[in-house]
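Below are the chains, spelled out letter by letter.
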Amino acid sequence: MNTAENQSERQQYLTFRLGEEIFAVDVTQVREILDLIPITRVPQMPEFMLGVINLRGSVVPVINLRRKFRMEQVENTRESCIIVLEIQLEGEQLVIGALADSVQEVLELGEEQIEPAPRIGTRLNTEFIRGMGKKEDDFLIILDIDRVFSSDELARVQDVGELAEEG
Amino acid sequence: MKRIMTVDDSATVRQMVGFTLKDAGYEVVEAEDGVDALEKLKKTPVHMLITDLNMPRLDGVGLIREVRKDPANRFIPIIMLTTESQESKKLEGKQAGASGWIVKPFKPEQLLGVVKMVLV
Amino acid sequence: MSDPVRDAFREESAELLLDLENGLLELAESQDDDEIIGRIFRILHTIKGSGGMAGFEDVSAFAHEIEAIFEEVRNGHLEVSRELLNQTLAARDLLKAMIDDEGESSLRQEEARQLTEALRTFFPQTNETAISAEVSDDVVESREETTERLYRIRFRLAPDIFCKGVNPLYLIRELKQLGRCRVIAQVDEIPTLQEFDAEQCYVCWDLILLTSAGLNAIRDVFIFVEDDCELQIDELSFDDDEDPNRLGEILVERGDLSSDDLQAVLSERHKIGELLVEKNLVSSSSVDSALVEQEEVRLQQKRNSAGTSSIRVRSEKLDLLVDLIGELVTVQARLSQNVAGQTESELCNISEEVERLTWALRDQVLNIRMLPIGTTFSKFKRLVHDLSQELGKSVQLVTDGAETELDKTVIDRLHDPLVHLIRNCIDHGLESPQQRQTAGKPSMGTVHLSAIHAGAYVIIKVEDDGIGLDAEALREKGIAMGLIPANSELGDKELFSLILQPGFSTAKSVTSVSGRGVGMDVVRQEVESLRGTIEIESREGAGTCFSIKLPLTLAIIDGLLVNIGGDNFVMPLSAVEECIELDHRTVEKAHGRNLVHVRGEIVPYVRLRDFFEIHGPLPELEQVVIVEVEGERVGFAVDYVVGEHQTVIKALGKLYRHLQGISGATILGDGTVALILDLAGLSKLAEREEKELSA
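Reading the values: the criteria
Residues numbered from 1 in each chain as written. Chains lettered and ligands numbered in written order. Predicted model: local features only at pLDDT ≥ 70, side-chain atom pairs only at ≥ 80, totals over all residues. Heavy atoms only, no water. Helix = DSSP H or I, 4+ residues; strand = E, 2+ residues; numbered from the N terminus. Buried < 20%, exposed > 50% of the residue type's maximum accessible area, 1.4 Å probe, protein only. Contact = heavy atoms within 4.5 Å. Areas by Shrake-Rupley, 256 points an atom, 1.4 Å probe, with all protein chains shown as cover. Buried area = accessible area lost by both parts, 1.4 Å probe. Salt bridge = Lys/Arg side-chain N within 4 Å of Asp/Glu carboxyl O. Polar contact = N/O pair within 3.5 Å; in protein donor to acceptor, adjacent residues only side chain to side chain. Nonpolar A, V, L, I, M, F, W, Y, C, P; charged D, E, K, R; others polar. Phe/Tyr/Trp six-rings, centres within 6.5 Å; stacked < 30°, edge-to-face > 60°. Lys NZ or Arg CZ within 6 Å of the ring centre and 35° of its normal. 1 Å grid on protein atoms, 1.4 Å probe; cavity = no way out; pocket = protein on both sides within 12 Å on 5 of 7 lines; lining within 4 Å. Points joined across faces, edges and corners; volume = space filled by probe spheres on them.

Draft legend 1. Here's a closer look at the overall build of chain A. Check the secondary structure of chain A and you find four helices and eleven strands. Within chain A, the fraction of its 167 residues that count as buried is 48%. If you take every contact in chain A between residues at least 6 apart in sequence, the share linking residues at least 24 apart comes to 53%. Accessible area of chain A: about 9200 Å², with a carbon and sulfur share of 44%.

Shown next as structure tokens:
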């Protein structure tokens, strides 16, 4: 009984790698993981919006997280993959893909293993970070993936879009 | 405008028929009995005749026979006003050349229905 | 708890009430049209009758009151007036509420009582008592007679019938009033002119009558002549599963022909009618008459079966079906593409078969979703009527092309924009009756609503004959609002389209009807979201015309697949006129300006490679696809044209909602995504860009 109670407080996270850093997202938001498939670029969009893919008949946008987090760009490898996520945006559910260098594993973390995001020491906008997890010697950056695509962020996307329109 | 003659010795019936037809847009000529009717017909040709059967001087059947003799009136519709008990009179009238009949008492709309039916 | 009889009545009455509304509105336009009055009377009569049968006593009683009034109208006792029509429309709405069971029943009763009183004031005084006395038996009578039956009526009048003042025409006219009637005169007995007696009746008649009035009503027509007439009335069956009688059988049944003669002729195997006439067995008018009967029976059978074989389907199911078809089309494209490289002929055959079936399926499914736009049109009649009352303007709505078919979704989403445009026409477009008379126009204004097919598009027009738009006033306002530069030289069309801008309104006064300048931009947005365009034409003093051009369907289009630097794009094929080659010398010759010669005409073109900032190897020879966009020819330069493509339209989703120049995406045979170009949007964007560069 005791263990069951403990587990109910624990959550599962999918971890993936961008460069040297390990990120984690709530596994309930992950729909599936795809091998890299051709992405169709959509013109006039900001660079971190990579384009769209065909996910069994649906057109799904793919985001380049490296660009989004202003990390340096690298060539895709055989390990590169697209994590398909379900996010909430202005009360609507949206399916998007996120390009990752490689997917690591699914692990469980208890609340006690998560610390609040540091105010400094990360290049990331701390708004995107739900907390920091620790696994063995590695730090995990747990993302608040809805925030990454929050309306503020999208407003910026629109601005860029409008700038592009005006050329 | 179509002109209709109504023949009846009862002023009430004449008036009721007259009102109804005038309201419906017909011109109405009234006659008190068969003789009066024949005289008026000489001066005023009509498109249709509505006649009572029981009348003094010349009754309805007699009037119909006379009217049909005049080539000008051979084909005009003639409607008899009858009562339920006048079955035999009705047949007589038909043989004399009546086009149809209305059983008294009748409602204005019944009268109009018949008039509209026969007055093509 | 649901009662099938009540439900059936609800359904039936919904249609009847719609017809009633339309009838009343038509009557407002032509106040002495007996046909319309008759129709209204019949509708009320049916509601009264079947309402009583279904247990809607209140509905039945109230319908009777309205019917009584229209009986007067039908009999010519009462003139149709505007007040009468308004009261009747109100009564119609109350009937609907009663049937739909809306609102508090005690309130409805009170309302019904008041309306009844109001209606009774229309009665000509002399008839009042007669009518109220008639109530009860009339209701009973109508209960028995609601189903339509088909009758064959043959009558031959006595030759001297004219001498009884009987005109056969009145008999026929009476019968025609009972229902749908076909009349065939048998003229074989008319003698030659020498023997002809003008006072004799030689003709006899066959009638095929479809009526709900019943046998007694038919017999009543002949009441005055029954002694002077051979009359035969037979009911004809038109059951679904029964074949209509063959011509020969009809003639035998009618007694025109003996069955032996029929058998003899049948054995010769020719066209029976011709043969019978040839052999002098029957007259040709008998044959014609029998043929009419056969035709009518067939028609009724068809109507019957049409009634039973249609089913109602939730529109979500259709949406799902369209989605599935979309995927099937995509998968089929992949199959074809994969098979193309194969040599195995059996596989190729199967693939071709699948392709054929898919396309047939696609057309059928899209076709199911197509509905005539007329149902929407008829709703607007009421709108126009109500608005003209409210605004004190006299307006008639004329509609054309109600049968034009359009995707259901499009029709649904078009409703609000059309309401807005019509309101706008009546409120701002049309002048008051006095103003119109001063201007030498008929005091009644006209709003003309029309729909017409044009290729893969439907064009819907809302047109008024009002004051029109003042281009100069629009220009001033546009400059004042900063929408256009002060020195701009815009054509009238561009100036007119300013009223589609948010917050732009030239109406001087604000009315409850058209709001405050909001709305026209919403109309434009909605039309554009349907991948349509809106154009305005106007002549000052003569009127304004809004044309909405919409694609027939939203789901699947024929596309032209093009490639630029490895990226695929789809253009709607319906806009494409031709493709020409563009070599680099032509580009140089044009001194950097993007113009091509197309058979003597100079056409501007947009180089999509530059416009979309696509890099990658440049081909030797580029191609320009010439398209027609909003009446003008524009070219789009691409690397090469791949070919035609069945394009299942997919939304790009929320993240791309502000994207311009691209209307959606589709999935290609190889599973990758191609973007669908919004050609009109692109050409506008390019034009703006060029102006900004040159400015």
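Draft legend 2. Structural context of the interface of chain C and chain B. With 26 residues of chain C at the contact, the number on the chain B side is 25 residues. The contact between chain C and chain B buries some 2100 Å² in all, and 55% of this surface belongs to carbon and sulfur atoms. Connecting chain C to chain B are two salt bridges. A salt bridge links Asp228(C) to Lys94(B); the nearest nitrogen and oxygen atoms lie 3.2 Å apart. Linking chain C to chain B there are ten residue pairs in polar contact (both at pLDDT 80 or more). At the level of secondary structure, the elements contributing two or more residues to the side of chain C that touches chain B comprise helix H6 (128–144), helix H7 (168–178) and helix H8 (215–221) of chain C. Per-element accounting of the side of chain C that touches chain B gives the leading share, four residues, to H7(C). When the residues that make up the side of chain C that touches chain B are grouped by side-chain class, the tally is ten nonpolar, seven polar and nine charged.

Draft legend 3. Up close: the packing of aromatic side chains. For the coordinates displayed, the defined rule picks out nine aromatic pairs over all chains. A ring pair is formed by Phe569(C) and Phe612(C), whose centres lie 5.3 Å apart and whose planes are at 25°; its orientation type is stacked. With Phe569(C) in strand S13 (residues 567–572) and Phe612(C) in the loop between helix H22 (608–611) and strand S17 (622–629), this residue pair connects regions lying 43 residues apart in the sequence. Judged by its relative accessible area of 1%, Phe569(C) is buried. Grouping aromatic residues by their ring pairs yields a cluster made of Phe16(A), Phe23(A), Phe69(A) and Phe128(A). Lying across the ring of Phe48(A), Lys68(A) places its NZ or CZ 4.3 Å from the centre. We note Lys134(A) situated over the ring of Phe139(A); from NZ or CZ to the ring centre the distance is 5.9 Å.

Draft legend 4. Spotlight on the interface of chain C and chain A. Across the boundary between the two partners, chain C contributes 25 residues, which contact 27 residues of chain A. Summed over both partners, the interface of chain C with chain A buries about 2400 Å², with 58% contributed by carbon and sulfur atoms. Broken down residue by residue, the surface that chain C buries against chain A is led by Lys654(C), Leu655(C) and Tyr656(C), which jointly contribute 31%. Where chain C meets chain A, there are zero salt bridges. Here chain C and chain A share four residue pairs in polar contact (both at pLDDT 80 or more) between them. Residues of the side of chain C that touches chain A, tallied by class, amount to 14 nonpolar, four polar and seven charged.

Draft legend 5. Main features of empty space enclosed by the protein. Residues and elements named next belong to chain C. The final tally for this structure, using the stated rule, is three cavities of 30 Å³ or more. Taken as a whole, the largest cavity encloses approximately 120 Å³ of empty space. Residue assignment for the lining of the largest cavity shows that the elements contributing at least two residues are helix H1 (4–29), helix H15 (374–391) and strand S6 (395–400). Considering every element that reaches the lining of the largest cavity, the biggest residue donor is H15, with four residues. For the lining of the largest cavity, a count of residues per class yields six nonpolar, three polar and three charged.

Draft legend 6. Local environment of the pattern of salt bridges. Residues and elements named next belong to chain C. Scanning the model with the defined rule gives 47 salt bridges over all chains in all. The salt bridge involving Glu189 is made with Arg156; its shortest N-O contact spans 2.9 Å. Taken as a pair, Glu189 in the loop between strand S2 (179–186) and strand S3 (204–211) and Arg156 in strand S1 (residues 149–157) lie far apart in primary sequence, 33 residues in all. You can call Glu189 partly exposed: its relative accessible area is 47%. The exposure class assigned to Arg156 is partly exposed, which follows from its relative accessible area of 27%. Between Glu431 and Lys441 there is a salt bridge, with the nearest N and O atoms lying 2.7 Å from each other. Taken together, the residues Glu431 in the loop between helix H16 (408–429) and helix H17 (433–438) and Lys441 in the loop between H17 and strand S8 (445–454) connect sequence positions ten residues apart.

Remember that the coordinates give geometry; whether it matters functionally is a separate question.
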